[in-house]
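Descriptive analysis of the structure
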Amino acid sequence: MLANIGFGVLVVSFITSLYGIIASIIGVRKNSLAWVESARKAMQITFPLITIVALAIILLLVTGQYQVQYVYNVTSSTMPLYLKITALWGGQSGSLVFWAWLMSAFTTAVTLRKWERDREFLPWVILVGLVTLTFFLSLILFFENPFVRFWVTAAGNQVISMFPPAGAAPLIPADGRGLNPLLRHPGMIIHPPMLYLGFVSFVIPYAFAVAALVTGRTDDRWIRITRRWTLVAWLFLSLGLVLGSRWAYDVLGWGGYWAWDPVENAAFMPWLTGTAFLHSVMIQEKRGLFKRWNMILIILTYALVIFGTFLTRSGVLSSVHSFAQSAIGPMFFGFIALSMIFSVWLLIWRWQILHAEGNMHSLLSREALFLLNNLLFMGILVVVFWGTVFPLISELFTGQKVTVGPAFYERSTGPLFAALLLLMGIAPLSAWGHSTVKTLGKALWKPALAALAVVIAAFAGGIRNGWALFGFLLVSLVIFITLFEYFRGVTARRRRTGEGWLAALFNLMARNRRRYGGYIIHLGVVLMALGIIGIEMFQTETQGTIPPGGSLRLGRYEVTFTRLDIFDANDGRNVARATVLVSKDGRMVGELHPRRDLYFDSMQPMTIPGVRSTIEDDLYVLLVDWQPISSTGVTFKVFHNPLINWLWIGGFVFILGMLVAAWPDKDPQPVPVAVRRGQAIPSRSSGD
Amino acid sequence: MVEERINNAEKTNRQTLPRWVVGLVFAVLIGFLVLIGLGLRRTQEGPIVIGQKVPYFELKTFDGEVYHTQQMQGKVIVVNFWASWCKPCEQEAFELEEAWQFYKPRGDVVFLGVDYVDTEPEAKAFIQQFGLTYPNGPDLRTRISQMFRIQGVPETYIIDREGRLAFVKKGPFLSVTEIRGAVDPLLP
Amino acid sequence: MIGKTGLLRRLAWLVVLTGILIAVAVEPVSAQQPTPSDDDVNRVAKQMYCPVCENIPLDVCPTQACAQWRELIRLKLSEGLTDEEIRQYFAEQYGDRVLDVPPARGLNWLVYVLPPLFIAGGVWIVARVFRSMVKPSAENAGASLETTPTPSVAEDPYVAKIEEELRRREREGG
């Protein structure tokens, strides 16, 4: 019953969005406001409709209606309620519904804004949003229907279909197969929605870009409207990536946080272009330059979002993260091909009117450094893209699979990341228009000296790894420059207004949130870089089999095995849980419990590390193997991950900075020529 | 002065893209799409479909004998992929051997065991344990499994007397009858 | 830029190589043990992938197939093979996909050659853009340098005020 309702509403929402597409096309052709309004209504109706669809699936999941195939595949009776709800995005068809739901929420939110000044954009934005939405709805409807059920025909055959064949009775399995155990982790519950949110919200700037291209209104209006959307998209995507890394570190049990797996890369690539876009739009706002480049970047980002989703879901590339093979590949491929060809054609058609309105004057101006930053991001993108698709190409031409592992990515992107870090330090010191070596040098020498002092201290402290020292130099340089910038701003303000330190800091940030939020983001990035340098260059590990009472040494740590308990947990898994004592420099510092979970329903083992986290390092202990009968002992693998926690701390700072930069203003859409802060200036000065 | 600058900029920037750039952009785009499309088709069906001719391949057994499918033309070939670390493979091992014993006297049915991603000592122990007598050998460089595009073990592919793929089984056989049910229709 | 990346990459290789050499040199302990230690096995396994569990390095993959592979590495190590020889052995047995990076031969060259080429192309385009943009204003750039000796930091009058304040302070201080 519920399944039928859900399916019915799904069909209705598909038809509604189809109608919206037609209405917006008619609206444009006839130049009719009524038709466009109708399309807008259709867009807005899809949101409640898809909400009902999603709620129907959640109800089916929660009530354990195992005759529905999707429910059978992703839940089982032993799963707790919150996992049953979040199983909505635990499988292919459910997560497509979730995708579509977020998509309709975002596009609907966009159509709710005031459009007086941007009337001509409206039908095109609706069109792009609805075409993307319709595409996803059609995937759900025709290939991945979440409401198909099991039936038994009169002849006794088992059938999977939406509606019962004549004379068939429902087949109700006693229990479901349960969610993939890898996904039963808090990080995994929030990680996919964050990624989807990031993906989906990048559709909005793209829709505006298309609207700007089609209507020929290629000033920076579209960029100003979508600035906050871009930031929000970027916030969620970044959050998704950080949470994903944390999940990998906690659950996958290989002592690392990022594996350069195809699916990770699929989410990382739009992030790269999105980050480049975020920086280069500022040049267009400030200087009227790089209009074409911004178009290319946003088109690329949209293409990579769709392409990334395609990679994850079509089974073209194999990965730990991918969904089971499915039939949606060809249709997805068609959509990618069409949207890419259309975007490129549109861009070429409008190439001429996208000319720059200004000029660049100096190689050291901020716009020039931003361009360099874009170049580096594109360099990293090329490496990641090529590494991701190369196995496919190799298999196609030679019939032999190859692996492109982390070593390739690390070696080729390492220098590029280092250059980016350096640029991140210098760029905020340079000025729009032009800077000279002298002005830059003047601003740079104090922080540079301080950074050098840090490196000398590190060297004196016994660090001899040249690359690590270089990394520390860059990291501390950026930190000092950023702090110095804050210091300069605060002292200037204090001098002028006579405020206290905190008030001055607060007001400084409030007055120019985009700029100072950006600095916090930079600070977060360098802290993350610190963590990455720590784990990449100083990670040590050892493995050994030890009897009870025996111990393993790693650096200053000693791990002593005391006991191993093997028992069945009541949520359908067998647990082998070891207890080890950890001592550092001969002093007892704690007890860890690395364990191995074996879920009965999928027979998939999971290795959960025991981790002792401090600000300076992690001791990460894995239970590798054990001999159940003999007493030869238990095999442990121990990682020492220095500085790793700065990766997560940096992540927090990063998100904080983004919230500062992206938090809505009290007046997000100022009237055309607002008089703000007592001065007659264009509304564009609301940010930096 | 601002005016002047804009004019300057327009002079340098207000040009259409050269033809060759447009051509190149579309060529790269289409080329990329074709690659992905081909890759997709490959994952969707694999290189060998039922009814299609199976390319010849060579299997060097653990005993050092070399079997080439070209020399088996006119015979039905049962290609079974297995591995010593694979539990379901143990389920069907006895059945496969029994079926092999049944067909052996006829001489027109060949069994080939292809050992997928395995280590030699364990593989030999597996053969010993289940008393397999038909030719078994490692899948060197995983060539054979990549040719069939197997998704896991066990999988069994049966090639008919004309050298075409006639039957695919993913997962273990449950009984000798099931194996015979697949092979018998291919025999005269 | 390219030369530099190439150089950096070569330097990185050098660092990695010396690192391995040192690690090998300072670890005479393992020679005394009867069988190669788990750490020795993992050192080799870290750079390999087993086709059964894709994208999980061999040293941490929990499946039985991978456990067997690790034992095989141990066996080969005890037979006196070097790390590289073992990698080669595995590549011959199970195909190039067991190696963590494609061996640089045949079509695989593309994976190493194409990204630097692309980046070089990017640098070329950026250089051209710079030149075409900086040149036309070169004649009045000199003038504008004269007229505006201090950089025009931002259009935001508030930030401009801060900058001015700072300059005054510096002048007073110096």
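Everything discussed here concerns the structure shown above.
What comes next concerns the included structure. All residue numbers refer to positions counted from 1 along the written sequence of the respective chain. By the order in which they are written, chains take letters starting at A while ligands take numbers starting at 1. In view of the model being predicted, local features appear only for residues whose pLDDT reaches at least 70, and side-chain atom pairs are presented and counted only at 80 or more, with totals across whole chains, interfaces and linings using the full set of residues. With hydrogens and water stripped out, all remaining heavy atoms of the structure feed into the side-chain values.

**As for the overall build of chain A**
To qualify as a helix, a DSSP run of H or I must reach at least 4 residues; to qualify as a strand, a run of E must reach at least 2; elements of each kind are numbered from the N terminus. Of regular secondary structure, chain A possesses 18 helices and 15 strands. By the burial criterion, 63% of the 688 residues in chain A qualify as buried. When contacts within chain A are restricted to residue pairs at least 6 apart in sequence, long-range pairs at least 24 apart make up 70% of them. In the structure as shown, chain A presents an accessible area of about 25600 Å², 67% of it carried by carbon and sulfur atoms. Each residue is placed in one exposure class: buried if its accessible area under a 1.4 Å probe, protein chains only, is under 20% of its type's maximum, exposed if it is over 50%, and partly exposed if it falls in between. Any two residues whose heavy atoms approach within 4.5 Å are treated as being in contact. Method for areas: the Shrake-Rupley scheme with a 1.4 Å probe, in which residue coverage is limited to the protein chains shown.

**A closer look at the sheet that holds strand β3 (residues 76-82) of chain B**
Residues and elements named next belong to chain B. Strand pairing is assigned whenever DSSP detects at least two bridges linking the two strands. Strand order in the open sheet made by the five strands is β5-β4-β3-β6-β7, with mixed pairing throughout. The sheet is open, and its two borders are formed by β5 (136-138) and β7 (165-170), each paired with just one other strand. Across the sheet, the mean angle from the axis of one strand to that of its neighbour is 20°, orientation sign disregarded. Relative to strand β4 (residues 109-115), β3 is paired through seven bridges, and the arrangement is parallel. By the bridge assignment, V78 is partnered in β4 with F111. Think of each axis as a best-fit line through the C-alpha atoms, taken over the contacting stretch in the case of a helix, with angles from 0 to 180 degrees between the N-to-C directions.

**Quick word on a nonpolar patch on the surface**
Residues and elements named next belong to chain A. Within the patch definition used here, like charges are joined within 9 Å and nonpolar side chains (Val, Leu, Ile, Met, Phe, Trp, Tyr) within 5 Å, considering only residues with over 30% relative accessible area and no salt bridge. The working definition used for a salt bridge is a side-chain nitrogen of Lys or Arg within 4 Å of a carboxyl oxygen of Asp or Glu. Together, F342, W345 and W349 make up a nonpolar patch on the protein surface, roughly 350 Å² of accessible area in all. Within the secondary structure layout, W345 lies in helix α11 (residues 329-349). Overall, W345 belongs to the partly exposed group, its relative accessible area being 46%.

**Some remarks on the interface of chain B and chain A**
At the junction of the two partners, chain B supplies 31 residues and chain A supplies 36 residues. Buried area: the sum, over both parts, of the accessible surface (1.4 Å probe) that disappears when the two are put together. Here chain B and chain A share an interface that buries about 3000 Å² over both sides, 68% of which is from carbon and sulfur atoms. Any pair of nitrogen or oxygen atoms within 3.5 Å is treated as a polar contact; in protein, a donor-acceptor pairing is required on top of that, and neighbouring residues in sequence qualify only through side-chain atoms on both sides. On the surface where chain B and chain A come into contact, there are one residue pair in polar contact (both at pLDDT 80 or more). Contributions of two or more residues to the side of chain B that touches chain A are made by α1 (2-13), α2 (19-45) and α5 (143-148) of chain B.

**Structural notes on the environment of L2(A)**
Residue and element names in this part refer to chain A. Here L2 shows up in helix α1 (residues 2-30). Under the relative-accessibility criterion, L2 is labelled partly exposed at 27%. Separated by 51 residues in the primary sequence, L2 and V53 place their C-alpha atoms 9.8 Å from one another. Not counting residues within four places of it along the chain, the set of residues in contact with L2 comprises A56, L59 and L60.

**Notes on the pattern of salt bridges**
In this structure the tally under the stated criterion is 39 salt bridges over all chains. Linking K46(C) and E541(A) is a salt bridge whose minimum nitrogen-to-oxygen distance equals 2.6 Å. Note that K46(C) is positioned in the loop between α3 (38-45) and α4 (64-78) and E541(A) in strand β4 (residues 540-546), a pairing that runs across two chains. Residue D597(A) is joined to R573(A) by a salt bridge in which the shortest nitrogen-to-oxygen separation is 2.8 Å. Separated by 24 residues along the polypeptide, D597(A) in strand β9 (residues 595-599) and R573(A) in strand β7 (residues 573-584) bring together distant segments of the chain. Residues D597(A) and R573(A) agree in their burial class; the two are buried. Shared partners join several salt bridges into a network, and the residues in it are R113(A), D118(A), E120(A), R217(A) and R221(A).

**So, the sheet that holds β4(A)**
Residue and element names in this part refer to chain A. Taken together, the four strands give an open sheet; going across it, the order is β4-β13-β12-β11, and neighbouring strands pair in antiparallel fashion. With one partner strand each, in any of the chains shown, β4 and β11 (610-613) form the two edges of the open sheet. Going from strand to strand, the sheet's axes swing by 15° on average, the running direction of each strand aside. Here β4 pairs with strand β13 (residues 634-642) via seven bridges, running antiparallel. Its bridge partner being in β13, T545 is matched across the sheet by T635.

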